[in-house]
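Examination of the molecular architecture
Now for the letters of each chain:
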Amino acid sequence: MKTLIGAVLLLLMAVPVRATDYYVDASWTGTQSGTAAAPWRLRSAINWTTVATALTTDNVTIYFSSRDRWDDAGTLTIAATGSVSFALLLDGHSKYNLVDSGTTSWLAETIPIGTKDDPCTTGRATFGSSTNHSGGIYIGHNTRAYLTLYGFCMDQPVYGISIGPGTGHGAHDVHHVTVDSNYVNAPTNAEGQGIYGGDLTYNVHDLIVSRNIIANNHKECIYIGQYNFFAGGADKVAPPSADAQCTNAPSGCQDSLTGNVIEYNVCLNAGGGQEGDIDIKPGNYGAIVRYNESYSTGTGTSLACIIASASAMQIYGNYCHGQIAADPGDGGSGIQINADGDGETNEHATVGGSIYNNVFAANAQKGIFIVANLANVSLDLIANNTFVSNGQAGITANVTAGRAVTITSLTNNLFATNSAVSGTTELNLASGTTVTSADHNLFYHPAGATFINYGGSSRTWTQWQQTLGFDGNGVNADPQLNAAYRLQGGSPAIGAGQDLSATFTVDIRQVLRSVPWDIGADEYAAGGGFRELRRGIPLPGDQ
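Parameters at a glance
- Every chain begins its residue count from 1, and numbering advances along the sequence as written.
- Local features in this predicted model are restricted to residues of pLDDT 70 or higher, and side-chain atom pairs are both shown and tallied only at a pLDDT of 80 or more, whereas totals for entire chains, interfaces and linings draw on every residue.
- To obtain the side-chain values, all non-hydrogen atoms of the structure were used and water was disregarded.
- A run of DSSP states H or I qualifies as a helix once it reaches four residues; a run of E qualifies as a strand once it reaches two. Both are numbered from the N-terminal end.
- Under the scheme applied here, a residue whose accessible area is under 20% of the maximum for its type counts as buried, over 50% as exposed, and between as partly exposed, the area being computed with a 1.4 Å probe on protein chains only.
- We call two residues contacting when some pair of their heavy atoms lies within 4.5 Å.
- For the accessible areas, the method is Shrake-Rupley and the probe is 1.4 Å, while residue cover comes only from the protein chains on display.
- Whenever a pair of cysteine sulfur atoms sits within 2.5 Å, that pair is classed as a disulfide.
- Paired strands, as defined in this entry, are two strands with at least two bridges between them according to DSSP.
- Take the buried residues of types Ala, Val, Leu, Ile, Met, Phe, Trp, Tyr and Cys, join any two whose side-chain atoms come within 4.5 Å, and each joined set is a nonpolar core.
- For this analysis, a salt bridge means a side-chain nitrogen from Lys or Arg found within 4 Å of a carboxyl oxygen belonging to Asp or Glu.

A closer look at the overall build of the chain
- Within the chain, the secondary structure is distributed over 3 helices and 45 strands.
- Expressed as a percentage of its 543 residues, the buried residues of the chain come to 56%.
- Long-range pairs, those at least 24 residues apart, make up 77% of the contacts in the chain with a sequence separation of at least 6.
- Carbon and sulfur atoms make up 53% of the accessible area of the chain, which amounts to about 19,900 Å² in all.

Structure follows, in structure tokens:
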């Protein structure tokens, strides 16, 4: 009997996962049914009823020929959804067809998917045209799930990729959606975001936005959450009356976008001054923003590399550099943490969250900018970040009377030569800010002895240590960084940090930290031989 049962189990394990494949080829001139032998040609020709029917019994993949370009007007609107049983994948990279008529010849794509320096010449199915300027991708409206969009290029589309767009506001029940390894170049609309989830409201969870490149867009690079959803009102869908409809949210519908991850993306020359490159709106809870790179080469202006208006966020491993301010008093920071809610007098306190292993370098204004105008901000941990040559300060906290900013732990951070453009501080924490614990930080400010502002008063290093009791194990010395903001041999930051392995164990390059820890985002290795694990997103000095 045991032998029979074992044989049955082996037979069941050998049964392949059911799958149905469809094909789309922009150059195809023959008959069209969506099969490999007769692919659809236009995006508008895709029979979504056929796709939806197949999804009731099979996983479905729709392959777009990776060496083709679609210049027809219109967008690709995904009018079907996966389910917990059967997933939908749209794949713009894995296969291409060599033959335009007659007998098709679909081959596996051999060209690696493009990097930030060569993102879309070949190897990605390309949408868009210099004349039509269409070419975006819309991932339905409500009830989109278990769906992946992989390996496409949108070249000068009107809009880029929209997750759950609607005619007004209020997309809901969108979950387990992945947007991976796509490239969006220069959306033409003045509101053109790269990847837009600005209509997302409740029952939105497990979104993954990964390894995408967004360049030269007018507004946000990546935008997740309807900005004013939690307030209700005429121009938006109010939260449902029953919190049971927000089952994934820890505080009911107030924090109704959960489990979302933004990782390994590149944002280049994004924004027009009033936006963040990666913008996480207040309805999110516990969002993870990690291993992204955001910078400007001279044309993009934004408030910050990352805008974090939500609670319990984890922000780590990001490289934010060269951010440009729209004007001397606006923007150009690494991260902005704010509790202003929708910016229309409806506040949303920012509670909890950690920021660690990031590099903030050569940004026009601050490395981290904390704003508590309408509600309070509290952060659990700011640790092992590197702040170098930012124009105004490493960290700034602005606090309106009656509001408060609380930082529970400020540990292992490296501050060097910030405030070169204006201001005189490495750390500028206004009255109303409370730091519970600060230790093992390194400060280097050759421009003057007074370089910390705490509680509205300027402080020297001695006053910071002896009067306030901070950084008993801190360092006030040149960190000896190289041009890539990495520790060199002999740096006083090496081995001077506190072991935080109960919270995280690796550095910005995902190299395991060793005890005693180093200060800053990078763990030192002799010769600089760090292994870079981030596909297509090398940091300066990587080998």
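With respect to the state of the cysteines
- For the structure shown, the criterion picks out 2 disulfides.
- Residue cysteine 221 pairs covalently with cysteine 267 via a disulfide, S to S 2.0 Å. In this structure, the disulfide formed by cysteine 221 and cysteine 267 twists by about -75 degrees around the S-S bond and is classed as left-handed. Residue cysteine 221 is located in the loop between β17 (213-215) and β18 (222-224), and its partner cysteine 267 is located in strand β22 (residues 266-268); the two are separated by 46 residues in the primary sequence.
- Relative accessible area serves as the criterion here: at 0%, cysteine 221 is assigned to the buried category.
- On the basis of relative accessibility, which here comes to 0%, the residue cysteine 267 falls in the buried class.
- Here cysteine 305 pairs with cysteine 320 through a disulfide, and the sulfurs are 2.2 Å apart.

Examining the pairing of strand β35 (residues 377-383)
- Most of β35 sits inside the fold, with 5 of its 7 residues counted as buried.
- Bridge count for strand β31 (residues 350-351) against β35 is 2 bridges, and the pairing is parallel. Pairing of valine 351 across the sheet is with serine 378, part of β35.
- Bridge count for strand β32 (residues 354-356) against β35 is 3 bridges, and the pairing is parallel. Across the sheet, tyrosine 356 pairs through a bridge with alanine 383, a residue of β35.

Comments concerning the nonpolar core
- The biggest cluster of nonpolar side chains holds 88 residues, and the ones touching the most others in it are Val51, Phe64 and Leu88.
- With sequence-adjacent residues up to four places away left out, valine 51 is seen in contact with Tyr22, Trp40, Ile46, Val60, Ile62, Ala80 and Leu88.
- By size, the runner-up hydrophobic cluster in this structure holds 9 residues, among which are Tyr291, Leu500, Phe504 and Trp517.

Digging into the pairing of strand β10 (residues 144-150)
- Among the 7 residues that make up β10, 5 are buried, leaving the element largely enclosed by the rest of the structure.
- Pairing of strand β5 (residues 88-91) with β10 involves 4 bridges; the strand directions are parallel. Opposite leucine 88, over in β10, you have leucine 147 as the bridge partner.
- Here 6 bridges tie β10 to strand β13 (residues 174-180), and the two strands are oriented parallel to one another. Paired with leucine 149 across the two strands is valine 179, which belongs to β13.

Section: the pattern of salt bridges
- In this structure the tally under the stated criterion is 10 salt bridges.
- In this structure, the salt-bridge partner of aspartate 71 is arginine 69, at a minimum N-O distance of 2.8 Å.
- Residue classification places aspartate 71 among the partly exposed residues on the basis of a relative accessible area of 34%.
- A salt bridge links arginine 211 to aspartate 180, with the shortest nitrogen-to-oxygen separation between them at 2.7 Å. Taken together, the residues arginine 211 in the loop between β16 (204-210) and β17 and aspartate 180 in strand β13 connect sequence positions 31 residues apart.
- You can call aspartate 180 buried: its relative accessible area is 11%.
- A single network of salt bridges, built from pairs that share partners, joins Arg69, Asp71 and Asp155.

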